[in-house]
Amino acid sequence: ATLVRFWSSILLGTRSYRGNPMAMHRGHPIHAGHFGDWLALWGDTARAELPGEQAELFVDHAGRIARSLLYGLGLD
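(A) Structural detail: the packing of helix H1 (residues 2-12) against helix H4 (residues 52-72). Where H1 meets H4, the closest approach of the two axes is 11 Å, and the angle between their N-to-C directions is 110°. Classified by the angle their axes make, H1 and H4 are roughly perpendicular. Handedness of the H1/H4 crossing: right-handed. Here Phe6, Trp7, Ile10 and Leu11 of H1 lie close against H4, whose contacting residues are Leu57, Phe58, His61, Ala62 and Ile65. By residue class, the composition of the contact of H1 with H4 is eight nonpolar, one polar and no charged.

Written out as structure tokens, the structure reads:
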């Protein structure tokens, strides 16, 4: 439910997510390699489930979020 609210807020502008994504990821054993795996899975799924332009919008947003998290978590 939290992820649905997050992505709904990001992509649909619903403003339904109230949280701090950076804080939610701190304290977990995340390393830079996880982001490449996640982005590849996200891209494959978006492109399989959504029309071309929509899929690329999802992929673009995910890439920007990943870069922000990498930087914020000191993994860049």
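(B) How the structure looks around the layout of surface pockets. Estimated volume of the largest pocket: approximately 480 Å³. Considering the residues around the largest pocket, the lining is formed by 15 residues, among which Leu3, Trp7, His25, Trp38 and Leu69 are closest to the centre. Breaking the lining of the largest pocket down by element, the ones donating at least two residues are H1, helix H2 (21-25), helix H3 (32-49) and H4. Here the residues of the lining of the largest pocket are counted per class, giving 12 nonpolar, three polar and no charged.

(C) How the structure looks around the environment of Leu3. Among the structural elements, Leu3 can be located in helix H1. Given the relative accessible area of 63%, Leu3 is considered exposed.

The rules behind each value
- Residues numbered from 1 in each chain as written.
- Predicted model: local features only at pLDDT ≥ 70, side-chain atom pairs only at ≥ 80, totals over all residues.
- Heavy atoms only, no water.
- Axes fitted to C-alpha atoms, helices over the stretch in contact; angles between N-to-C directions.
- Helix = DSSP H or I, 4+ residues; strand = E, 2+ residues; numbered from the N terminus.
- Parallel < 35°, antiparallel > 145°, perpendicular 65-115°, else oblique.
- Left-handed = near helix turned anticlockwise from the far one by under 90°.
- Contact = heavy atoms within 4.5 Å.
- Nonpolar A, V, L, I, M, F, W, Y, C, P; charged D, E, K, R; others polar.
- 1 Å grid on protein atoms, 1.4 Å probe; cavity = no way out; pocket = protein on both sides within 12 Å on 5 of 7 lines; lining within 4 Å.
- Points joined across faces, edges and corners; volume = space filled by probe spheres on them.
- Buried < 20%, exposed > 50% of the residue type's maximum accessible area, 1.4 Å probe, protein only.

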